[in-house]
Amino acid sequence: MTFASITGAAPSVLLIFNPTAGRRRRGLVDAVVRHVRSLGWTVDVVETAAPGDARRLAEQCDAGRYGVIAVAGGDGTINEVVNGLAARAATAPPLALVPLGTANVLAHELGLGSTAAALAQAITAGREVLMHPGQASGAGRPRCFSLMAGAGFDAKVVAGVSAPLKRRWGKGAYVWRSLVEARRYRPVRYAVEIDGVTHEAASVIVTHARHYAGPYVVAPQASLGAPLLHVCLFERWGWMHALRFGAALVLGTLPRTPGYRVVAGRQVRISVLNDAGEERRQPVQIDGDDALTLPVSIGLSTEAVRLLRPDSPHAARP
């Protein structure tokens, strides 16, 4: 779909809506649309029907017609739109969010409110954050991320959660899969090269954000607006340590937990050092989706995406 340019019109929003992510929260989407229209903006809603639709819509959106692209969906749909906007660089409109998914990590990162009125205000009067997405490259097409790329325990959990299971159980699907992966745990070791220095880890998350899995903090110094990646290294092996790290994440103590540390850098390469006889695919999760297979190289995209966050001194820092 290509959007024809029009001139002299009221400010306009293209809202890309994933009806699968929003099937239980369609009322919120409708309320946001009403609020935005009440502020004098026009809103065109386009629903996605298949994977890749959100990316294509973002790539083809006419910035002469739409002043803002908004996405109503989960982190996976948002990731598609970020990839589409990064491909356009300077020609892309800014991106606003109507979070509907399981974790909504980027919404927490931007300090978005949860009401329709607050989300509409961010769309129409938000402050821009210039973000250079992370970019992971392996076999196949490079993939951008606004949040994170991970390998090891969390990536295996993500790879084991099917879309129907996630729709049915929500966050509970990840808890269940974490227990499954803990039971089948083997001490696989990963080589993590950060700006030329090699580290060893049992699991790794390369993040552009402070938060993970919703409101939980993994990298206190990370910032969407900074041209820097933060590499979270889980350095102790064993299923008991995996569960201990998970408990520390929920309790808010992970950054102070022994065996866990964060290293900042710009160029990262992750590979399997020892598969411990596991003999299965080593997945890489990107923004909560099973996306690539090790080895991968990760850096920052040369192109930037403009994100809209609330123009409020009380909003979480980007």
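All values reported here derive from a predicted model rather than from experimental measurement.

Reading guide: rules and limits
Residues numbered from 1 in each chain as written. Predicted model: local features only at pLDDT ≥ 70, side-chain atom pairs only at ≥ 80, totals over all residues. Heavy atoms only, no water. 1 Å grid on protein atoms, 1.4 Å probe; cavity = no way out; pocket = protein on both sides within 12 Å on 5 of 7 lines; lining within 4 Å. Points joined across faces, edges and corners; volume = space filled by probe spheres on them. Nonpolar A, V, L, I, M, F, W, Y, C, P; charged D, E, K, R; others polar. Helix = DSSP H or I, 4+ residues; strand = E, 2+ residues; numbered from the N terminus. Core = buried A, V, L, I, M, F, W, Y, C linked by side-chain atoms within 4.5 Å. Buried < 20%, exposed > 50% of the residue type's maximum accessible area, 1.4 Å probe, protein only. Contact = heavy atoms within 4.5 Å. pLDDT = per-residue confidence, 0-100. Pairing = 2+ DSSP bridges. Right-handed = clockwise from strand over helix to strand, strands pointing away.

### What about empty space enclosed by the protein?
Line of reasoning, step 1. Per the counting criterion, the structure on display carries 2 cavities of 30 Å³ or more.
Line of reasoning, step 2. Within this model, the largest cavity holds a volume of roughly 80 Å³.
Line of reasoning, step 3. What lines the largest cavity is Gly152, Phe153, Lys156, Glu181, Tyr185, Arg186, Val188, Tyr190, Ala202, Glu278 and Arg280.
Line of reasoning, step 4. Counted by class, the lining of the largest cavity contains 5 nonpolar, 1 polar and 5 charged residues.
Line of reasoning, step 5. Lining the second largest cavity we find Val13, Leu15, Val32, Val33, Val36, Val43, Ala70, Val98 and Ile123.
Line of reasoning, step 6. For the lining of the second largest cavity, the secondary-structure elements that each account for two or more residues are β1 (12-17) and α1 (26-38).

### Describing the nonpolar core
Line of reasoning, step 1. In terms of nonpolar packing, the biggest core is built from 68 residues, with Val81, Leu95, Val98, Ile123 and Leu307 touching the most fellow members.
Line of reasoning, step 2. Counting residues per element, this core draws most heavily on α1, which supplies 6 residues.
Line of reasoning, step 3. Not counting residues up to four positions away in its chain, the partners in contact with isoleucine 123 are Val13, Val32, Val36, Trp41, Val68, Ala70, Ala96, Val98 and Leu308.
Line of reasoning, step 4. Counting 23 residues, the second largest nonpolar core, distinct from the first, contains Val188, Tyr190, Ile194 and Leu292.

### Things to note about the confidence of the model for the chain
Line of reasoning, step 1. Per-residue confidence for the chain gives a mean pLDDT of 90, with 94% of residues at or over 70.
Line of reasoning, step 2. Long-range and interchain partners of residues 1-8, a stretch whose pLDDT sits below 50, account for 19 contacts in this model, where long-range means more than four residues apart.
Line of reasoning, step 3. Across residues 313-318 the pLDDT falls below 50, and counting only partners more than four positions away or on other chains, this stretch makes 22 contacts in the model.

### Focus on the layout of surface pockets
Rolled over the atoms, a probe as big as a water molecule pinpoints where empty space is left.
Line of reasoning, step 1. Estimates place the volume of the second largest pocket at around 170 Å³.
Line of reasoning, step 2. Surrounding the second largest pocket, Arg25, Leu28, Pro99, Ala103, Asn104, Ala107, His108, Leu112, Gly113 and Ser114 form its lining.
Line of reasoning, step 3. Class assignment for the residues of the lining of the second largest pocket results in 5 nonpolar, 4 polar and 1 charged.

### Some remarks on the pairing of strand β3 (residues 68-73)
Line of reasoning, step 1. The buried count for β3 comes to 6 of 6 residues, which makes it a mostly enclosed element.
Line of reasoning, step 2. By the alternation rule, side chains of β3 split into Val68, Ala70 and Ala72 and Ile69, Val71 and Gly73, which are all buried.
Line of reasoning, step 3. Looking at chain direction, β1 and β3 are connected through 5 bridges and run parallel. Bridge pairing in β3 places phenylalanine 17 opposite alanine 72.
Line of reasoning, step 4. Bridge count between β3 and strand β4 (residues 95-99): 5 bridges; the pairing is parallel. Residue pairing in the sheet places valine 71 in a bridge with leucine 97 of β4.
Line of reasoning, step 5. The β-α-β motif built from β3, the intervening helix α3 (residues 75-86) and the parallel element β4 has right-handed crossover chirality.

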